[in-house]
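# Architecture at a glance
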Amino acid sequence: MRLCGLLIGVSLIGLCASVAEGAIGANWGTMAIHPLPPKIVVQLLQDNGINKVKLFDADEDTMSALAGSNLEVMVAIPNNMLATMNDYDAAKNWVDKNVSKYNFDGGVNVKYVAVGNEPFLAAYNGSFVNTTFPALQNIQNALNDAGLGDTVKATVPLNADVYNSPPTKAVPSAGTFRSDISDLMTEMVHFFNKSNAPFTVNIYPFLSLYANKDFPFDYAFFEGTAAPIMDNGIKYTNVFDANFDTLVSSLKAVGVPDLPIIIGEVGWPTDGDINANAQNAERFYNGLLPRLAQKQGTPLRPNANIDVYLFGLIDEDAKSIDPGNFERHWGIFRYDGQPKFPMDLSGMVPTSKFLVPAKNVNYLPEKWCLLNPDAKDGDPKKLADNVNYACTFSDCTALGYGSSCNGLDADANASYAFNMYFQAQGQKEASCFFQGLGMVTDRNQSTDQCSFLIQIDSTVNRSWNMPNLIAPLKGCGTAEEQLGGGLGGGEALWRKKRSKRSRPGGLRRRDSTMEEAWRFLCRASVREGER
């Protein structure tokens, strides 16, 4: 998901029964410093009746954990592999390795292959325009040649910025595909139609609100608004319906009015922005889920089953924050698989059941790192440098304006940053040094609004290997220097790279390699690949 000019917002659409059953799915992202083990996540999905899951890759550990679960799975080819997939042999090999390999009794129930992730996003400036459609064709043809084409469909998750209505007629019925990709989109949707594959779209009412300070707040939810949009006698009272029907009109305009649509991503973040909180997320889902349960559809596709993947399942504290600090807080579960707020995925009213937390989660010991009040030496720059260093290599997004920990005083602010780094480093003793400013305590520093977390005990970090900043390396200073705000060569490199970045803690994105994300660190053990 990316922030873009989504001022129309979010929507859902009904699918033909042959393509989808209108069940709730979830996006399982793995950009976490200490990810939950895959088997625990699969059990979490099953315990909560989530029978569809959308991935951002086809990671072997994830697929192995899904084997035998009977969960319906969408595997994915990341954007940085699209050019490779323009070669049919490469596409065939990918299908053999990531789909056919798991096609056996007790294997993985792969339903879709996502070819890229929002590759036509306007912010990408056409980077994937020439490689996406050939990759899509090759993957579907490879599925067909493998004898899987009737049951596994290739699709392309697209951002809602691929369609719009003209400024002179800003209503859903005037929807068309974006002018710069109109011909390409026409080809692609006709290919979907021919192969009986769905159109996949990611839609976010929250981003409409975030992008435009004048956007009507109530229009992002489902209770109605005092200023609805009127379109040929249809009253649009929420951005969700308006956005969805703009897509329906765009499909009609190119001759495929009944093409099935699935919602690849839809959700509401719970931290990182003044409008990103559990209360608003609960309000959003309390409006969305009953509509799905009642098969309400939208004005242009009423009474429809809807295939929806909520975004996301679990918070991801290593995602890029280029779009905003909220990027790390989309989960309906916390980083450790604990529910954030009461939520009934069935959409039943009154509520009949709530989310079930993850089981058998192992945590690090109950200890925290905080600012040592006796060690403050009156050098504000030293403290600021260490706080910035801690936040660069951990997640401090909860400290931002309007976020859950924004109300902390200066000392508590530093303690929060120190602890996030300490936990990210697995509570290694040296990671609470900070040039003598840190100290370890067994006293929880949490407040009613702000949680000083204890991280998961991840003996194997499957998602990515966080650089080990403990062992000294040539040219990086001593271990103490590396951890204490970074002295010597380590600090010089950190400062040089940090000066080019506008925000701390936001280095990783799904559309850049691990090498690019972490190349400035003294020691980096990375697994190359797009996330």
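Right, let's walk through the structure included here. (Residues numbered from 1 in each chain as written. Predicted model: local features only at pLDDT ≥ 70, side-chain atom pairs only at ≥ 80, totals over all residues. Heavy atoms only, no water.)

Once that is clear, we can look at the overall build of the chain. Helix and strand counts for the chain come out as 13 helices and 17 strands. Each of the 531 residues in the chain was classed as buried or not, and the buried ones make up 59%. Look at the contacts in the chain between residues 6 or more apart in sequence, and 74% of them connect residues 24 or more apart. Carbon and sulfur atoms provide 49% of the accessible area of the chain, an area that totals close to 20900 Å². (Helix = DSSP H or I, 4+ residues; strand = E, 2+ residues; numbered from the N terminus. Buried < 20%, exposed > 50% of the residue type's maximum accessible area, 1.4 Å probe, protein only. Contact = heavy atoms within 4.5 Å. Areas by Shrake-Rupley, 256 points an atom, 1.4 Å probe, with all protein chains shown as cover.)

Turning our attention to the pattern of salt bridges. Here the structure, examined in full by the defined rule, presents 17 salt bridges. A salt bridge links Lys101 to Glu60; the nearest nitrogen and oxygen atoms lie 3.4 Å apart. In this pair, Lys101 sits in the loop between α3 (88-98) and β4 (109-115) while Glu60 sits in helix α2 (residues 60-66), placing the two residues 41 residues apart along the sequence. A residue is classified by how much of its surface remains accessible, and Glu60, at 48% relative accessible area, is partly exposed. Here Asp96 makes a salt bridge to Lys92, at a shortest N to O gap of 3.4 Å. Here the residue Asp96 and the residue Lys92 both occupy positions in helix α3, the gap between them amounting to four residues, near one helical turn. For Lys92, a relative accessible area of 36% puts it in the partly exposed group. (Salt bridge = Lys/Arg side-chain N within 4 Å of Asp/Glu carboxyl O.)

Before going further, it helps to examine the sheet that holds strand β12 (residues 261-266). Read from one edge to the other, the open sheet built from nine strands follows the order β5-β4-β3-β2-β1-β15-β12-β9-β6, with strand pairing classed as parallel. Edge strands, defined here as strands with exactly one partner in the open sheet, are β5 (153-155) and β6 (157-159). Across the sheet, the axes of successive neighbouring strands diverge by a mean angle of 25°, strand direction being ignored. Where β4 and β5 come together, three bridges link them in parallel fashion. In the sheet register, Tyr112 faces β5, and the bridge partner there is Lys153. Where helix α4 (residues 132-145) meets the sheet, its contacts fall on β3 (72-77), β4 and β5, and the angle it forms with β5 comes to roughly 170°. The strands that helix α7 (residues 239-253) touches are β9 (199-202) and β12; relative to β12, the one it contacts most, it runs at about 140°. (Pairing = 2+ DSSP bridges. Axes fitted to C-alpha atoms, helices over the stretch in contact; angles between N-to-C directions.)

Along the chain, the position of Val108 falls in the loop between α3 and β4. Accessibility expressed as a relative area gives 7% for Val108, which makes it buried. When the C-alpha positions of Val108 and Leu71 are compared, they lie 7.5 Å apart, and in sequence the two are 37 residues distant. Apart from residues no more than four positions distant in its own chain, Val108 is found in contact with Met63, Leu66, Ala67, Val73 and Tyr102.

Let's shift gears to the nonpolar core. Ranked by size, the top nonpolar core spans 140 residues in total, and within it Ile139 and Phe199 carry the most contacts. One finds Ala76, Tyr112, Ala114 and Ile262 within the second-largest nonpolar core, a separate group that totals six residues. (Core = buried A, V, L, I, M, F, W, Y, C linked by side-chain atoms within 4.5 Å.)

Taken N-terminus to C-terminus, the directions of α4 and helix α5 (residues 182-195) make an angle of 10°; their axes are 11 Å apart at the nearest point. Looking at the two axes, α4 sits roughly parallel to α5. Contacts between α4 and α5 involve Thr132, Phe133, Leu136, Gln137 and Gln140 from the former and Leu184, Glu187, Met188, Phe191, Phe192 and Ser195 from the latter. Among the residues making up the contact of α4 with α5, the classes are represented as six nonpolar, four polar and one charged. (Parallel < 35°, antiparallel > 145°, perpendicular 65-115°, else oblique. Nonpolar A, V, L, I, M, F, W, Y, C, P; charged D, E, K, R; others polar.)

Right, let's talk about α5 for a bit. Its 14 residues give α5 an end-to-end C-alpha distance of 20 Å, which sits within 8% of 20 Å, the value for a rise of 1.5 Å per residue. What α5 keeps buried is the set Leu184, Met185, Met188, Val189, Phe191, Phe192 and Ser195. In an axial view of α5, the angular spread of the buried residues amounts to 155°, which keeps them on one side of the axis. Set apart from the buried face of α5 by more than 90 degrees, the exposed residues are Asp183 and Lys194. Taken together, the buried residues of α5 touch α4, β5, β6, β8 (176-177), β9 and α7. Asn196 occupies a position one or two residues after α5 and carries a positive phi of about 60°. (Expected span 1.5 Å × (residues − 1). Arc of directions from axis to C-beta.)

A few words now on helix α1 (residues 38-47). Of all the residues in α1, the buried ones are Pro38, Ile40, Val41, Val42, Leu44 and Leu45. For α1, the secondary structure elements touched by its buried residues are β1 (24-27), β2 (52-54) and α2. Following α1 by one or two positions, Gly49 has its phi on the positive side, about 70°.

Here the focus is the pairing of β4. Summarising burial for β4: five of the seven residues are buried, a large majority. With six bridges joining them, β3 and β4 adopt parallel strand pairing. Paired with Met74 across the bridge in β4 is Tyr112.

As a further point, take the side chain of Thr441. By the secondary structure assignment, Thr441 is in strand β17 (residues 438-441). By relative accessible area, Thr441 is classed as buried at 13%. One polar contact links the side chain of Thr441 to the main-chain amide nitrogen of Arg443, over a distance of 3.0 Å. With near-sequence residues (within four places) excluded, Thr441 lies in contact with Lys367, Trp368 and Leu370. (Polar contact = N/O pair within 3.5 Å; in protein donor to acceptor, adjacent residues only side chain to side chain.)

On their own, these measurements won't tell you what the molecule is for.
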